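Survey of secondary and tertiary structure
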Amino acid sequence: MFEQLSDLSEYFSIEENLSWTVVRPHQARLTVEEVVRRLDGEPDTMTTDRPADCVSDLEYDDLADTVFLEQCGDAVIIVGFGTAAAEEEALRRLSQSATVHSVFWAINNFNRLYYIVDGVVVTELDMLRPLDRWGTDPEALTDHLDALRDLHDRSDPGPDWETAMATLESLTGQRLDPDWFAHPQLLAKVNRR
């Protein structure tokens, strides 16, 4: 997938920065508009754009506060190329009356995988060191971390963001593929308050 995505644009590389979050409400349907509000954005200003085009179209500072969103049944998927939807405080807001699973990584290999429910960090981990976990129940994701643990056990562990994405897929049942990035998605500017 990463190779296919690099063919979409010479400026586009999810290997450097990506955040992918899945928000699933406990009861009532959560809308994209409500998610944008929780991220301190204005739903009325949403537009559409191809995620693969945004890196070349936006200034770096704007990219940090830009997210792409999709309603998938009762869940909302959020993808960004900065940390706007990846910071713990933003994830806590997103998880009010909901469950949030999120992965992100940055160019310097700083990364996290989060499992947050009702504003409480249940499990947080560095995907390059999956044995080190924090939260109210650090072991809650243990059954989903085999692939990350296998990577860590290799003699020269390095970033393998594909495995991070596969881990989020196993947790949420949601999937991102190259076509998602190639098609227009809802785009919102957040952190505007």
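Overview of the structure. Just so it is clear, the structure is predicted and the values come from calculations on it, not from any experiment.

This part is about the pairing of strand E4 (residues 75-80). Counted residue by residue, E4 has six buried out of six residues, so it is predominantly covered. Residues Ala75, Ile77 and Val79 line one face of E4 and the alternating positions Val76, Ile78 and Gly80 line the opposite face, and both faces are buried. Strand direction decides the pairing type here: strand E1 (residues 18-25) and E4, joined by five bridges, are antiparallel. Paired with Thr21 across the two strands is Ile78, which belongs to E4. In this sheet, E4 lies alongside strand E3 (residues 66-72) in antiparallel orientation, the contact comprising six bridges. Bridge pairing in E4 links Phe68 to Val79. In sequence, E3 turns back onto E4 through a hairpin of two residues, with Gly73 there showing a positive phi of about 65°.

Once that is clear, we can look at the pattern of salt bridges. Pairs can form between side chains of opposite charge once their charged atoms are near each other. In the structure shown here, the tally under the stated rule is 12 salt bridges. Arg93 is paired through a salt bridge with Asp40; the nearest N and O atoms lie 3.6 Å apart. Here Arg93 is found in helix H5 (residues 88-94), whereas its partner Asp40 is found in the loop between helix H2 (32-38) and strand E2 (47-49), with 53 residues between them in sequence. Between Arg112 and Asp126 there is a salt bridge, with the nearest N and O atoms lying 3.9 Å from each other. Of this pair, Arg112 sits in strand E6 (residues 111-117) while Asp126 sits in strand E7 (residues 120-126), and the two are 14 residues apart along the sequence. Here the two residues Arg112 and Asp126 agree in accessibility, since each one is buried. Members of the salt-bridge network, linked through shared partners, are Arg112, Glu124, Asp126, Arg129 and Asp132.

About the cut-offs
Residues numbered from 1 in each chain as written. Predicted model: local features only at pLDDT ≥ 70, side-chain atom pairs only at ≥ 80, totals over all residues. Heavy atoms only, no water. Buried < 20%, exposed > 50% of the residue type's maximum accessible area, 1.4 Å probe, protein only. Helix = DSSP H or I, 4+ residues; strand = E, 2+ residues; numbered from the N terminus. Pairing = 2+ DSSP bridges. Salt bridge = Lys/Arg side-chain N within 4 Å of Asp/Glu carboxyl O.

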